[in-house]
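# Observations on the three-dimensional arrangement
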Amino acid sequence: MKHFLGILLASGLVLAGCEQANQETGADASETGSEIAADKDDIAGNPLLAKWDTPFGVPPFDLIEDEHYLPALREGIERTLAEVDEIAANPDAPTFANTIEALESAGSDLSRVSSVFFAVNSANTNDSTRETAKLIAPELSAMRDAIFLNKELFVRVNAVYEQRESLDLGAEQMRLLSESHKGFVRSGANLDEKSKERLKEINSELASSSQQFGENLLDETNEFELLVSDRADLGGLPGNLVALAAEEAKRRGHDCECWVFTLQRPSINPFLEYSPNRELRKKIYLAYAMRGDNDNDADNKEIVVRMVALRAERAQLMGYASHAHFVLSDNMAETPERVYELLDQVWKPALALAKKERAALQKMMDADGIADQVRGWDWRHYTEKVRKARYGLDQEALRPYFEVGAVRDGAFAVANKLFGLTFEKRDDLPTWHPDQEVFEVFDTDGSHLAILYMDWFARESKRGGAWMNALRSQRKFGGEVSPIITNNFNFPAPTGDSPSLISYGDAGTTFHEFGHALNGMLSDVTYESLSGTNTPRDFVEFPSQVMENWMGEPEVLRMFAKHYKTGEPIPQEFIDKMVASAKFNQGFATVEYMAATYLDLNYHMLGYPAEIGDPREFENAAMDAIGLIEEIIPRYRSGYFAHIFAAGYSSGYYGYMWSEVMDADAFQAFKETSLFDPETAAKYRKHILAKGGSEPGMDMYVAFRGREPSIQPLLERRGMAGNDE
Ligand SMILES: [Zn+2]
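Residues numbered from 1 in each chain as written. Predicted model: local features only at pLDDT ≥ 70, side-chain atom pairs only at ≥ 80, totals over all residues. Heavy atoms only, no water.

## Topic: the domain arrangement of the protein
Per the domain assignment, the segments of the protein are domain 1 (2–207), domain 2 (224–289) and domain 3 (399–580). The gap between the C-alpha centroids of domain 2 and domain 3 is 29 Å. Each side of the interface is counted separately: domain 2 has 10 residues, and domain 3 has 12 residues. The contact between domain 2 and domain 3 buries some 800 Å² in all, and 56% of this surface belongs to carbon and sulfur atoms. Run the count over domain 2 and domain 3 and you get 2 salt bridges. The shortest N-O distance in the salt bridge between Arg 251 and Glu 460 comes to 3.3 Å. In this structure, the connection of domain 2 to domain 3 is made through 1 residue pair in polar contact (both at pLDDT 80 or more). Elements with a minimum of two residues in the side of domain 2 that touches domain 3: helix H10 (239–251) and helix H11 (265–274). Sorting elements by how many residues they give to the side of domain 2 that touches domain 3 places H10 first, with 6 residues. Split by residue class, the side of domain 2 that touches domain 3 holds 5 nonpolar, 2 polar and 3 charged. (Domains from an automatic or database assignment. Contact = heavy atoms within 4.5 Å. Buried area = accessible area lost by both parts, 1.4 Å probe. Salt bridge = Lys/Arg side-chain N within 4 Å of Asp/Glu carboxyl O. Polar contact = N/O pair within 3.5 Å; in protein donor to acceptor, adjacent residues only side chain to side chain. Helix = DSSP H or I, 4+ residues; strand = E, 2+ residues; numbered from the N terminus. Nonpolar A, V, L, I, M, F, W, Y, C, P; charged D, E, K, R; others polar.)

## Re empty space enclosed by the protein
As enumerated under the stated definition, the model contains 4 cavities of 30 Å³ or more in all. Of the voids in this model, the largest cavity is the one considered here, and its volume is about 240 Å³. As for the largest cavity, its lining consists of 19 residues, and the residues nearest its centre are Leu 272, Tyr 285, Arg 380, Glu 592 and Ile 633. Listed by contribution, the elements that provide at least two residues to the lining of the largest cavity are H11, helix H12 (278–289), helix H16 (376–391) and helix H22 (586–604). Grouping the constituent residues of the lining of the largest cavity by class yields 12 nonpolar, 2 polar and 5 charged. (1 Å grid on protein atoms, 1.4 Å probe; cavity = no way out; pocket = protein on both sides within 12 Å on 5 of 7 lines; lining within 4 Å. Points joined across faces, edges and corners; volume = space filled by probe spheres on them.)

## So, unusual backbone geometry
Cis geometry marks the peptide bond from Tyr 608 to Pro 609, where omega comes out at -5°. When you line up the elements, Pro 609 lands in the loop between H22 and helix H23 (615–626). One non-glycine residue, Phe 56, lies in the positive phi region at around 65°. With respect to the helices and strands, the residue Phe 56 is situated in the loop between helix H2 (40–44) and helix H3 (69–88). A positive phi angle is found at Glu 334, which is not glycine, with a value near 70°. Within the secondary structure, Glu 334 is located in the loop between helix H14 (323–328) and helix H15 (336–367).

## As for the state of the cysteines
One pass over the full model with this rule turns up 1 disulfide. A sulfur-sulfur distance of 2.2 Å marks the disulfide that ties Cys 256 to Cys 258. With the S-S dihedral at roughly 75°, the linkage between Cys 256 and Cys 258 falls on the right-handed side. Judged by its relative accessible area of 44%, Cys 256 is partly exposed. Judged by its relative accessible area of 3%, Cys 258 is buried. (Disulfide = S-S within 2.5 Å. Buried < 20%, exposed > 50% of the residue type's maximum accessible area, 1.4 Å probe, protein only.)

## What to know about the packing of aromatic side chains
The full count for this structure, using the stated rule, is 45 aromatic pairs. Each ring, one from Tyr 391 and one from Phe 584, has its centre 5.6 Å from the other, and the planes form 70°; the classification is edge-to-face. Within this pair, whereas Tyr 391 is found in helix H16, its partner Phe 584 is found in the loop between helix H21 (572–580) and H22, the two being separated by 193 residues in sequence. Neither residue differs from the other here; Tyr 391 and Phe 584 are each classed as buried. Between the NZ or CZ atom of Arg 112 and the centre of the ring of Trp 52, over which it lies, the distance is 4.4 Å. The ring of Tyr 649 carries Arg 537 above its face, with NZ or CZ at 4.0 Å from the centroid. (Phe/Tyr/Trp six-rings, centres within 6.5 Å; stacked < 30°, edge-to-face > 60°. Lys NZ or Arg CZ within 6 Å of the ring centre and 35° of its normal.)

## What to know about the pairing of strand E7 (residues 484–491)
With respect to burial, E7 is a largely interior element, 8 of its 8 residues being buried. Burial along E7 is two-sided: the residues Ile 484, Thr 486, Asn 488 and Asn 490 and Ile 485, Asn 487, Phe 489 and Phe 491 are all buried. The sheet contact formed by strand E5 (residues 448–457) and E7 spans 6 bridges and is parallel. Counted as the bridge partner of Tyr 453 is Thr 486 from E7. Pairing between strand E6 (residues 467–472) and E7: 5 bridges, direction antiparallel. (Pairing = 2+ DSSP bridges.)

## Overview of the nonpolar core
Ranked by size, the top nonpolar core spans 162 residues in total, and within it Phe 402, Phe 514, Met 521 and Trp 550 carry the most contacts. Considering every element that reaches this core, the biggest residue donor is H15, with 11 residues. The next biggest cluster of nonpolar side chains, apart from the first, holds 54 residues, and it includes Met 143, Tyr 161, Leu 177 and Ala 189. (Core = buried A, V, L, I, M, F, W, Y, C linked by side-chain atoms within 4.5 Å.)

## Focus: the sheet that holds strand E3 (residues 422–425)
A sheet is described by the order of its strands in space; here 5 strands give the open sequence E3-E4-E5-E7-E6, paired in mixed fashion. Pairing within the sheet leaves two strands with one partner each, and these edge strands are E3 and E6. Strand after strand, the sheet turns through a mean of 25° between neighbouring axes, direction not considered. Where helix H5 (residues 108–123) meets the sheet, its contacts fall on E5, E6 and E7, and the angle it forms with E6 comes to roughly 150°. Where helix H18 (residues 504–521) meets the sheet, its contacts fall on E3, strand E4 (437–442), E5, E6 and E7, and the angle it forms with E7 comes to roughly 170°. (Axes fitted to C-alpha atoms, helices over the stretch in contact; angles between N-to-C directions.)

## Remarks on the packing of H15 against H22
Axis separation between H15 and H22 bottoms out at 8 Å; the angle between their running directions is 140°. With respect to each other, H15 and H22 are oriented oblique. When you trace H15 past H22, the crossing you get is left-handed. Residue-level contacts link Val 339, Tyr 340, Leu 343, Asp 344, Val 346, Trp 347, Ala 350, Leu 351, Leu 353, Ala 354 and Glu 357 of H15 to Gln 586, Gly 587, Phe 588, Thr 590, Val 591, Met 594, Ala 595, Thr 597, Tyr 598, Leu 601 and Asn 602 of H22. (Parallel < 35°, antiparallel > 145°, perpendicular 65-115°, else oblique. Left-handed = near helix turned anticlockwise from the far one by under 90°.)

Structure below.
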């Protein structure tokens, strides 16, 4: 059961890739159970718990009200605990069926409710759902501990595990058994009673801290606005983004000819690129960079200090040198040394490249007559100028060819050519927001494969970034169930006369999340807890990132990148320019990402007791140690590093690059044959996408590629293999 390995093991209530809304692995001892005295009448009438009498069994969003979530979640916890108690108390000798498979089936009501709740709370939150999330986080972690630290239950799991060689289990069954057993051990099942009690306290505090971190961040992000009242300060900002900023100003009650920019990336990034007003760029840049670090009520520094200390203590309880050692032992990388080995190969050439880029920006800024060195708030602005001068490429001139619907159709077309999938829009299914689109997805033979929700536009009720989650995961055990997947984005909403025109980078994001969706939709395994994106953190970004490769191929661009007004395909001249500039600014992108990766590891390599002091100073020291240049800050600074303090990526942010080694090498397999080579695509589907987490990542990769991945394609792609620039 994902309920088991998903909710309980990875504590992943929501499954996704890049920006995933996982809760901190957490638990709590004190409060649960007793106060779950929900009125039974309420429960009976609660649409979350009733049978979902909808097409394909999609959640009845039209019937669900905010106040339904908390009682349904609490009832789900009750039922899960009762089911698990029954398994633990079974008088029969423990078997694979009555213990491991029984656990796989347990918690299905909770899984159904929590999948919907956490998806909605990420994409369409409000005060009520935020309050529910806050209340339920410690209760869920308490439930998790009640299960994993249940002695009788572990005795049974362990007994089955000890007999594993004589049980005549299939490969996937064996995997389920060993993963389940490992889940118990990694959750503290082997600890003495005193340590177990301390573990529960730690988990509980981590769960609520992580929740608070995310809330503070949302407040800090929404709090700020940059009001611009001089048209000249917008520079060459494209018309649709100007209109969007004007609408934002109106929405916020400014009755003037003015524009508002926010700290959400679709708003701040274009402003930083286009505004010639250096002071305003500095203002919004610093507001972004200081989130969670303003010494106010929403400051996240104390939470960071506390979480790092608690994680180190937990690692020590578990017998590991650090939190990083603990986390990595359950990932493809296995040890921090292997992660550093990868990072250190890329860091030096990346930093050298970024310095070269800086010199080019400085030249451009000097030419503008500005007597200062390039600063962080200048980087994007002058990058665009250099890009234009060097390649004649104006990123924004591309937008008309990347209307969001066209990009979506491009992703669908690629899935059709690779795997034979087809997509049919459904307007009759309930959604959580009117902007959401729903598609039924069919396999090659025309049979139903999955339901796919796509929620495109930025709004205040949505967390930042882009992500995928499964409202229902594929499985065969206990009756075949097809997946229900969501993709979520923060693209600019359409305005009066313009549809949503997204950037080239956003188009890559679309293909990326769609790659996660394919992993979820093409999953073909027996057990839910091993299906879809239930894979290690450093593997999960492989199927998503590999899809980005197709997006950038000229052949694919010609298929979908058409002018939204004229329908003209993107001019060859633009494609040539894009190909020529593919490695442009890769130094910055790599350094910015890797700086955050090192920061994550620096925090989590500390042994117990981990006392970091002031996170601001800790972060500065960590960045000095790798020689980061001051014009670039980590992609996420400590105060807003939600991946590691509000989601499940602690010690795992490196996973994007680890996955990229595989994605770059895997795409080579297509380049060596052809972009849509049927044989390679079939192998990729069979050995990677269909497998979910039912085999170790490297085994799957080797089955697909015939060998382990090489780092060379990644270095080449990023312009770091020799003298590429
Ligand atoms: Zn991802």
